[in-house]
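# An overview of the molecular structure
As a plain string of letters, each chain reads:
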Amino acid sequence: MKKVAVFCIPAHGHTNPMLAVVRELVGRGDDVRFYSFGEFKEKIERTGAVFVNCDKYLPELSTKEEENLKKVSTTEMTIQDIRITVAMDEFLHGEFTSWGPDVVYTDSVCFWGKLNAWKYDVPMVVSTSTFAFNRMSSTYMKNSPAEIAGLIFGMPRVSKELNKLKPLGYKINGVLALVQSDNQTDSIVYTSKKFQPYSESFSDHYTFVGPSLLTDTKPDKDHKTPLLYISLGTVINDRPDFYKKCIEAFKDENINVLISCGNSVDIGELGKLSDNIKVEPYVDQLDVLSRADAFITHCGMNSVSESLYMATPMVLYAQTNEQEAVARRVREIGAGIDLKDDSVAGIKNAVKTILNMESYGNSAQECCDDFRSCSGVKGAADFIENAPHSSDGVDILRDLGKANVGLQVGYSVATILLANILFRIISIRFLWIYIILAIVLSSPINSMLQKTVYKRLVRKKLG
């Protein structure tokens, strides 16, 4: 029997994948304590784990801080994570020294879980609720100029908060060490190797177990009238304008529509609903997706995984850069299309494209079969119980980093040599054009060369 300490941030999308794994651990006789928050109490207790309420350690937020968190500000989330860690320090010191867990199972952005595992030298397994992101897979993330500016200007605030951790004995080498995926940390990823971008770049410290779901339901698409399901998740779902467009788009269509809008929207304000349209605050999403023929989704990793697990193709309406990364992967496997035009006509056309072209459903079915062939929650539980793990020593990212040094030096030398040649051929007053071109082209050229080296390293790894 293992004593397992489970930690997660107060977010449904991060908590939900851990629940089925926790239930499996409890079923095996492990002593599991889940440190979480009041709104998740019922869900956690249904797994059989001991629920430990941590609400009193949540900091009081100003109006501005609340707004930033709703906007999924990386800077604000980082600051609040650090503050919660500081607030929980004395309490968790008692837990780790008296109860003494054998292993920590913590969400990837739950700082208090990670930091205390390091502080008390307890084996740690990280729960990765979206894709695992490293140097290669992070190319799927496209930060907007506003997001980049927010990160840059937010660093002084983050650094100030990080300094509060050092007197408490926490081992930390900067904020990146807390959030990035590395090839030395045992990690569970709730997708398949096939669906994970650049899965070959991850070491044996990673296990790709497929979606972690509390269901035995299988897809059932045997009905005459198509079913369209619409949901924008649990965070950025206050979009009555969008729901009204969907209602208008399908009010006269031979399509049954079910909209899950959360508690932020007053259903009465959405207007009169035709007989083929229903709106609910919450639904059993897995049950609905098992019967749905199309899904308009915000592209959260959990929603997309559940959709593919139930062989349901998607209309992709990403709201954040992380969701866009997930949407990109769905497009690549052919199981969905982007909602580029969110007008009434645009919504109708996108859904009809999904319903009328069998290729989208076929691709979703292929991914469904792939997901269901993974090790699942049993594989995740095995991985946690047997932590820490070793690797075969092959680290593509490490080798790629070494190669990148050579690529950078080679590009610089080639640029200087070509500049000398051009100096003899053309007037020096035109060299500034060449210098600008060299700077502008350095990034795409190095990226292209890096991908070439990466493919060579992958071939070498695979033998």
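Residues numbered from 1 in each chain as written. Predicted model: local features only at pLDDT ≥ 70, side-chain atom pairs only at ≥ 80, totals over all residues. Heavy atoms only, no water.

### Quick notes on the overall build of the protein
Short version of the rule: Every helix listed is a DSSP run of H or I at least four residues long, and every strand listed is a run of E at least two residues long, numbered separately from the N terminus. We compute the radius of gyration from the C-alpha atoms alone; for a globule the expected value is 2.2 Å times N to the 0.38, where N is the number of residues. Only protein chains enter the area calculation, which uses a 1.4 Å probe; residues under 20% of their type maximum are buried, those over 50% are exposed, and those in between are partly exposed. The contact criterion used is simple: two residues touch if any of their non-hydrogen atoms lie within 4.5 Å. Counted as positive: Lys and Arg. Counted as negative: Asp and Glu. His and the chain ends are not counted at all. By convention, charge coordinates are those of NZ in Lys, CZ in Arg, CG in Asp, or CD in Glu.
Regarding its fold elements, the protein presents 16 helices and 13 strands. For the protein, whose C-alpha radius of gyration is 24 Å, the value lies close to the compact-globule estimate of 23 Å for 463 residues. For the C-alpha atoms alone, the extent of the protein along its principal axes is close to 80 × 60 × 50 Å. Among the 463 residues that make up the protein, the fraction classed as buried is 48%. The contacts in the protein between residues at least 6 apart in sequence include a share of 67% that link residues at least 24 apart. For the protein, the distance from the average position of its 52 positive side-chain charges to the average position of its 56 negative side-chain charges is 7 Å.

### Brief notes about unusual backbone geometry
Of note, the amide linkage connecting A387 to P388 takes the cis form, showing an omega dihedral of 0°. Structurally, P388 can be placed in the loop between α14 (376-385) and α15 (396-425). The backbone of Y198 sits at a positive phi, close to 55°, despite the residue not being glycine. If you check the backbone angles, C299 has positive phi at about 75° while not being a glycine. Mapped onto the secondary structure, C299 falls in the loop between β11 (294-297) and α10 (301-309).

### Re the pairing of strand β9 (residues 256-260)
Put simply, the rule reads: A pair of strands counts as paired when DSSP detects no fewer than two bridges linking them.
Counting buried positions along β9 gives four out of five residues, so the element sits mostly inside the fold. As paired strands, strand β8 (residues 227-231) and β9 are joined by five bridges and run parallel to one another. The residue of β9 that forms the bridge with L228 is V257.

### Section: the nonpolar core
Heads up, the condition is: Nonpolar cores were defined as sets of buried Ala, Val, Leu, Ile, Met, Phe, Trp, Tyr and Cys residues, with membership established by side-chain atoms within 4.5 Å.
Ranked by internal contacts, the top residues of the largest apolar core, which has 45 residues, are F7, F34, Y105, W112, I188 and I384. Every residue in contact with I384, bar those within four places of it in the chain, is listed here: V4, V21, L25, V103, Y105, V125 and I188. In this structure, L258, Y309, M310 and F371 belong to the second largest nonpolar core, which totals 29 residues.

### Examining the packing of aromatic side chains
Our working definition: The pairing test for Phe, Tyr and Trp rings, Trp by its six-membered ring, is centres within 6.5 Å, and the orientation test on the planes gives stacked under 30 degrees, edge-to-face over 60, and tilted for anything in between.
Scanning the entire structure with this criterion turns up 16 aromatic pairs. Between the aromatic rings of Y57 and F91, the centroid separation amounts to 5.4 Å while the plane-to-plane angle is 20°, which identifies the pairing as stacked. Placement of Y57 in the loop between β3 (50-53) and α3 (63-70) and of F91 in helix α4 (residues 74-99) is noted, with a sequence separation of 34 residues between them. Judged by its relative accessible area of 13%, Y57 falls in the buried class. Residue F91 is classed as partly exposed on the basis of its relative accessible area of 24%. Note on F131 and F195: the rings are 5.5 Å apart at their centroids and 50° apart in plane angle, and the pair reads as tilted. Remark: F195 occurs in the loop between β6 (187-189) and β7 (206-208) and F131 occurs in the loop between β5 (124-128) and α6 (145-162); sequence separation between them is 64 residues. In terms of burial, F131 and F195 fall into one category: buried. The structure contains a cluster of three or more aromatic residues connected by ring pairs, namely F7, Y35, Y57, F91, F96 and Y120.

### Overview of the sheet that holds strand β12 (residues 314-316)
Rule in force here: Each axis is a line fitted through C-alpha atoms, taken for helices only over the stretch in contact, and angles between the N-to-C directions span 0 to 180 degrees.
Here six strands make up an open sheet; going across it, the order is β10-β9-β8-β11-β12-β13 and the pairing parallel. The open sheet has two edge strands with one neighbour each: β10 (277-280) and β13 (336-338). The mean inter-strand angle of the sheet, taken between neighbouring strand axes irrespective of direction, is 20°. Two elements, β12 and β13, share three bridges in a ladder whose sense is parallel. Within β13, the residue paired with L316 across the bridge is D338.

### Digging into the environment of T297
We apply this condition: Any N or O atom pair separated by 3.5 Å or less is treated as a polar contact, with the protein-specific requirement of one donor-capable and one acceptor-capable atom, and with residues adjacent in sequence counted only for side-chain atom pairs.
Within the secondary structure, T297 is located in strand β11. Take T297: its relative accessible area is 0%, and that puts it in the buried class. Considering only alpha carbons, one finds T297 and A318, 21 residues apart in sequence, at a separation of 7.4 Å. A distance of 3.0 Å separates a polar atom in the side chain of T297 from the backbone nitrogen of C299.

### Comments concerning the pattern of salt bridges
If the charged atoms of two oppositely charged side chains come close together, the side chains can form a pair. Here is the rule: Each salt bridge in this description consists of a side-chain nitrogen of Lys or Arg and a carboxyl oxygen of Asp or Glu lying within 4 Å of one another.
The tally for this structure, following the rule as stated, stands at 21 salt bridges. A salt bridge links D241 to R239, with the shortest nitrogen-to-oxygen separation between them at 3.1 Å. With relative accessibility at 39%, the residue D241 sits in the partly exposed group. Among the salt bridges present, the one from E253 reaches K348, with a minimum N-O distance of 3.5 Å. Of this pair, E253 sits in the loop between α8 (240-250) and β9 while K348 sits in helix α12 (residues 344-356), placing them 95 residues apart in sequence. Among the ionic contacts, a cluster of salt bridges with common partners joins E24, R28, K378, D382 and E385.

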